[in-house]
Amino acid sequence: MKTKVTIKDIAKKIQVHHTTVSRALRGDSRISETTKQQVLDCAQKMGYEPNQNALNLRNRTINTIAIIIPNISHEIFARFVSLLTDHASKEGFTVSIFQTKESYELEQEIVQTLIRNRVGGVIASISINTKEGAHFNRLMDYGIPLVFFDRYCKDVNAPKVEVNNYKGAARAVKYLKNKGFSRIAHLTGNTEINVFGERNKGYKDTLAALGLSFHKSLQIKKEFEEQDGAFLLKQLWDEEEKPDALFVDSFILTAGILKECKQMGIHIPQDLGLLTISNERFCDLVEPAQSVLEQPIEDLAETSFRILLSRIKLENSTTKNNSSVFDFSLIERESS
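Figured I'd write up the structure that's included with this text. Quick caveat, the model's predicted, so the values are computed rather than measured.

1. Quick look at the overall build of the chain
(1) Moving on: The secondary structure content of the chain amounts to 12 helices and 12 strands.
(2) Moving on: Oriented by its inertia axes, the alpha-carbon framework of the chain measures out at about 75 × 40 × 35 Å.
(3) Moving on: Looking at the chain as a whole, 53% of its 336 residues qualify as buried.
(4) Moving on: Contacts in the chain between residues far apart in sequence, at least 24 positions, make up 73% of those at least 6 positions apart.
(5) Moving on: Accessible area for the chain stands at about 15,300 Å²; split by element, carbon and sulfur atoms hold 47% of it.
(6) Moving on: Averaged over its 44 positive side-chain charges, the chain has a centre that lies 9 Å from the centre of its 43 negative ones.

What follows is the structure, given as structure tokens:
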């Protein structure tokens, strides 16, 4: 039977006093950042498991929560942060915001920083390059409540607040089919990430169910940029059988598609229909105005904060997975 690692074991290993280890694990300001990191690294290597009850009841900066997002320049994340900050402020919480810039390595560093600083709780949406969630599990090992929104790690048992991406994609394909389109292509992200994988499966399954034989699903396995949309459109237009509609996972890609359509003389929706997953406020200002599947950002933000707050206050078991799933809204405009 494996012997439980203690603070004194860690202290002996790195040759410091056990009170130094205890203070470092609590994020005590009297301990240098170098020593804190040394202690945390050693604790991880030795398999140290903190006393959950003690950590939950003390040693955390309860009134500070952290939000981890891939990129605040994306409208969904910018609005989510704005709304959640409002909810937090009303409850007396300070919010710290961290961007991963779609980097798995930076995401790991951010989580390590949050553990050192003993934040009260974390709300996170993972990077497009995150394959596993060991670093997020460490948050909970140290008694820090975690809630995922939108994108999440499948190997981490934490509450998730999301939209039904499979159902949304199915709705998009059915809508385009009903508008008279039959050759529908899907432009998406890395399908190893839950949101893109579920949308892609919904797209494929619905094509099959509707008896539509045309199938083109193109993935972008990095942060979306406008030029990616332009590149994929040219790639599709070089095919002998061209699509007559695109279901696009981000307005960033659609912006590139719109610019390239003007260059290539492709008319929307006469030559190509467009339906985009987007919460961009200017989707109805571009020409033609864009049909969109819109996420309920207000519901996502409010629910994420409510779940995190209940876990900070110890109202729910830290092992109970009280997740929430919402539906997209379809807004029809000129592009379809």
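This is not the end of the story, as more comes after the structure.
2. Some thoughts on the pattern of salt bridges
(1) Moving on: Scanning the model with the defined rule gives 13 salt bridges in all.
(2) Moving on: A salt bridge links aspartate 228 to lysine 222, with the shortest nitrogen-to-oxygen separation between them at 2.8 Å.
(3) Moving on: When salt bridges with common partners are traced through the structure, they connect Glu33, Lys36 and Arg116 into a single cluster.

3. Thoughts on the sheet that holds strand β8 (residues 245-248)
(1) Moving on: The sheet built from 6 strands is open, its strands ordered β7-β6-β8-β9-β10-β12 with mixed pairing. Edge positions in the sheet fall to β7 (216-220) and β12 (329-331), since each has one partner strand and no second. Strand-to-strand twist in this sheet, taken as the mean axis angle between neighbours without regard to direction, amounts to 15 degrees.
(2) Moving on: Note: strand β9 (residues 273-277) against strand β10 (residues 291-294), 3 bridges, orientation parallel. Bridge pairing links leucine 275 to serine 291 in β10.
(3) Moving on: Across the sheet, helix α9 (residues 194-210) touches β6 (184-189), β7 and β9, and the angle it forms with β6 is around 165 degrees.

4. A closer look at helix α7 (residues 134-141)
(1) Moving on: When we look at burial in α7, the residues that qualify are His135, Phe136, Arg138, Leu139 and Met140.
(2) Moving on: Of the residues one or two after α7, glycine 143 is the one with positive phi, at around 75 degrees.

5. Digging into the environment of isoleucine 128
(1) Moving on: When you line up the elements, isoleucine 128 lands in the loop between β3 (119-124) and α7.
(2) Moving on: Sequence spacing of isoleucine 128 and valine 16 is 112 residues, and the spatial spacing of their C-alpha atoms is 39 Å.
(3) Moving on: With residues near it in sequence (within four places) discarded, isoleucine 128 still touches Glu102, Arg151, Asn190, Ile193, Phe196, Ile220, Lys222 and Glu223.

6. Some remarks on the packing of aromatic side chains
(1) Moving on: Per the stated rule, a full pass over the model turns up 5 aromatic pairs.
(2) Moving on: Here phenylalanine 136 and phenylalanine 148 contribute two aromatic rings whose centre-to-centre distance is 5.2 Å and whose plane-to-plane angle is 75 degrees, an arrangement assigned as edge-to-face. Taken together, the residues span a long stretch of sequence, with phenylalanine 136 in helix α7 and phenylalanine 148 in strand β4 (residues 146-149) at a distance of 12 residues. The same class applies to phenylalanine 136 as to phenylalanine 148, namely buried.
(3) Moving on: Judged by centre distance (5.7 Å) and plane angle (65 degrees), the ring pair of phenylalanine 196 and phenylalanine 224 falls under edge-to-face. With phenylalanine 196 in helix α9 and phenylalanine 224 in the loop between β7 and α10 (226-237), this residue pair connects regions lying 28 residues apart in the sequence.

7. Observations concerning the nonpolar core
(1) Moving on: Judged by nonpolar contacts, the single largest core of 59 residues is most densely connected at Val122, Phe136, Leu146, Phe148 and Leu246.
(2) Moving on: A total of 5 residues in this core trace back to one element, the largest contributor, which is helix α11 (residues 251-264).
(3) Moving on: If you look at the next biggest cluster of nonpolar residues, it comprises 41 residues, including Phe93, Val163, Leu176 and Tyr203.

8. Observations concerning the packing of α10 against α11
(1) Moving on: Two numbers describe how α10 lies on α11: the axes approach to 6 Å, and their chain directions differ by 50 degrees. Our classification of the angle between α10 and α11 gives oblique. As for how α10 packs across α11, the hand of that crossing is right-handed. When α10 is examined against α11, the residues Glu226, Asp228, Gly229, Ala230, Leu233, Lys234 and Trp237 are found in contact with a partner set consisting of Ile252, Leu253, Ala255, Gly256, Ile257, Lys259, Glu260, Cys261 and Met264.

Definitions and limits used
- Residues numbered from 1 in each chain as written.
- Predicted model: local features only at pLDDT ≥ 70, side-chain atom pairs only at ≥ 80, totals over all residues.
- Heavy atoms only, no water.
- Helix = DSSP H or I, 4+ residues; strand = E, 2+ residues; numbered from the N terminus.
- Buried < 20%, exposed > 50% of the residue type's maximum accessible area, 1.4 Å probe, protein only.
- Contact = heavy atoms within 4.5 Å.
- Areas by Shrake-Rupley, 256 points an atom, 1.4 Å probe, with all protein chains shown as cover.
- Lys, Arg positive; Asp, Glu negative; His and termini not counted.
- Charge placed at Lys NZ, Arg CZ, Asp CG, Glu CD.
- Salt bridge = Lys/Arg side-chain N within 4 Å of Asp/Glu carboxyl O.
- Pairing = 2+ DSSP bridges.
- Axes fitted to C-alpha atoms, helices over the stretch in contact; angles between N-to-C directions.
- Phe/Tyr/Trp six-rings, centres within 6.5 Å; stacked < 30°, edge-to-face > 60°.
- Core = buried A, V, L, I, M, F, W, Y, C linked by side-chain atoms within 4.5 Å.
- Parallel < 35°, antiparallel > 145°, perpendicular 65-115°, else oblique.
- Left-handed = near helix turned anticlockwise from the far one by under 90°.

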